[in-house]
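A closer look at the structure
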Amino acid sequence: MQRNGPGELMVPDFLGPEHADFSRAIAYVDGEFVPLLDARISVRDFGLTHADQTYDVLHVWNGGFFRLDDHMNRFARSLAGMRLDPGLSRAQQVAILEECVRRTGLRYALVYWACTRGAPPLGGRDPTVCRNTFLCYAQPLVLRGSPEQMRRGLAVQISPTVRRIPSDSLNPRWKNVHWGDFTRALFDAKDAGFDSTVLLDHAGNVTEGPGFNVLAVVRGELVAPAEGVLEGISALTMMELATELGLPARFGVLSPEDLRNADEAFITSTSCGLFPITRVDDRILSNGAPGPLSVRLLNTYYQRKNDGWHITPIRYE
Ligand code: PLP
């Protein structure tokens, strides 16, 4: 963990990809624990052919799960919404997550788990008769973006062409892999020289980006989009910390103008907590450096986690 200077961002350099040893990563598939790189699922699984699956991702910080209950609750809501049933109790699911981490021995890890629809009977195509499958893996925790990028912040493009899949077609609160809109917009943004993209909904309001929520400080208030987004657990965390630090924070509507004119803005995701945004379209935010609230929030986030806040210790023995 390194600071640029007094009051500046604590950047977790130790989470750079060069420090990650993926040979330690372990997966659970079909009742067996195997090295991640050997894990396989059927090419006939509807999870692959129809994006018919849900998943969740949490991280392990200093030997404990961060916000385990919140992630398990969200996974349960996604399962119910998408009519998937892994045939495992919540305690059994947690035991698999824990066993994957235990086998890696990693104290800083990313844990991914999913329930896929499974493969239909041969010759069939009815999703209601598939046996759903549960899979999981634990790998080293690697920071989204590079530590250098974290110091300078992201340049994001509000997609001028691609709108988020409407919520009445696909409920974004159920964590899903229907990423056609994100991927298309991301290619466009990269072509135009940006690091990433943010999508608007059909009413023209900001939603989210590929794998992250978007929060902005607008007229002294931290605002997170309330609708049309995944209920990100990192966004919730930053809203809670902002409130604790005395900054008004609310879930509401974020317009593209609000985002372009924000005092500061950041994305949130399990793989980074918070990552500053320093450019939106042609507008430079917070003088082109992580804003003061982003710095306080991220530093507080690390300090609180180091103190065991929302951490469920893992039994490694
Ligand atoms: N929005 C989308 C579409 C995501 O895929 C993710 C994470 O994968 C997020 C937001 C951030 O959610 P969390 O903070 O729970 O990781």
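Residues numbered from 1 in each chain as written. Predicted model: local features only at pLDDT ≥ 70, side-chain atom pairs only at ≥ 80, totals over all residues. Heavy atoms only, no water.

Scanning the model with the defined rule gives 14 aromatic pairs in all. Judged by centre distance (6.3 Å) and plane angle (55°), the ring pair of Phe66 and Trp309 falls under tilted. Here Phe66 is found in strand β6 (residues 64-66), whereas its partner Trp309 is found in the loop between α8 (292-306) and β18 (311-313), with 243 residues between them in sequence. The residues Phe66 and Trp309 share a single accessibility class, namely buried. Their ring planes at 75° and their centres at 6.3 Å tell us that Phe75 and Phe134 sit as a pair that is edge-to-face. Of this pair, Phe75 sits in helix α2 (residues 68-82) while Phe134 sits in strand β8 (residues 133-140), placing them 59 residues apart in sequence. Of the aromatic side chains, those joined through ring pairs into one cluster are Phe14, Trp61, Phe66, Tyr108, Tyr301, Tyr302 and Trp309. The side chain of Arg304 reaches across the aromatic face of Trp309, ending 4.6 Å from its centre. (Phe/Tyr/Trp six-rings, centres within 6.5 Å; stacked < 30°, edge-to-face > 60°. Helix = DSSP H or I, 4+ residues; strand = E, 2+ residues; numbered from the N terminus. Buried < 20%, exposed > 50% of the residue type's maximum accessible area, 1.4 Å probe, protein only. Lys NZ or Arg CZ within 6 Å of the ring centre and 35° of its normal.)

This paragraph deals with helix α5 (residues 180-191). Here α5 spans 17 Å end to end across 12 residues, near enough to the 16 Å set by a 1.5 Å rise per residue. Looking at α5, one finds that the buried residues are Asp181, Phe182, Ala185 and Ala189. Projected down its long axis, α5 carries its buried residues within an arc of 90°, all on one side. With respect to the buried face of α5, the exposed residues turned more than 90 degrees away are Gly180, Arg184, Phe187, Lys190 and Asp191. Lining the buried residues of α5 we find β9 (154-163), β10 (196-200) and β11 (208-209). (Expected span 1.5 Å × (residues − 1). Arc of directions from axis to C-beta. Contact = heavy atoms within 4.5 Å.)

Note: strands within a sheet are paired through backbone hydrogen bonds, in either parallel or antiparallel orientation. The strand order across the open sheet formed by 7 strands is β4-β3-β8-β7-β5-β6-β18, and the pairing between neighbours is antiparallel. With one partner strand each, in any of the chains shown, β4 (32-35) and β18 form the two edges of the open sheet. Across this sheet, the average inter-strand angle for adjacent strands is 25°, counted without regard to direction. Along the sheet, α8 makes contact with β5 (53-61), β6 and β18, crossing β5 at roughly 75°. (Pairing = 2+ DSSP bridges. Axes fitted to C-alpha atoms, helices over the stretch in contact; angles between N-to-C directions.)

Turning to the domain arrangement of the protein, a few remarks are in order. Partitioning the protein into structural domains gives domain 1 (21-140) and domain 2 (147-306). A separation of 26 Å is found between the C-alpha centroids of domain 1 and domain 2. Domain 1 puts 20 residues into the contact, and the matching count from domain 2 is 19 residues. Summed over both partners, the interface of domain 1 with domain 2 buries about 1800 Å², with 60% contributed by carbon and sulfur atoms. When the buried surface of domain 1 facing domain 2 is broken down by residue, Tyr55, Trp61 and Arg74 rank first, second and third, together holding 33% of it. (Domains from an automatic or database assignment. Buried area = accessible area lost by both parts, 1.4 Å probe.)

What follows is about the site of the ligand. With respect to spatial proximity, 17 residues lie near the ligand, and among them Arg74, Lys175, Glu208, Ser234 and Thr270 are the closest. Between the ligand and Arg74 there is a distance of 2.8 Å, counted from an oxygen atom to a side-chain nitrogen or oxygen. Here a nitrogen atom of the ligand sits 2.7 Å away from a polar atom, N or O, in the side chain of Glu208. Within the complex, 92% of the 390 Å² of free accessible area of the ligand lies under protein. Mapped onto the shell around the ligand, the elements with two or more residues apiece are β11, β12 (212-218), α6 (233-244) and β15 (264-269). (Near = heavy atom within 4 Å. Polar contact = N/O pair within 3.5 Å; in protein donor to acceptor, adjacent residues only side chain to side chain. Areas by Shrake-Rupley, 256 points an atom, 1.4 Å probe, with all protein chains shown as cover.)

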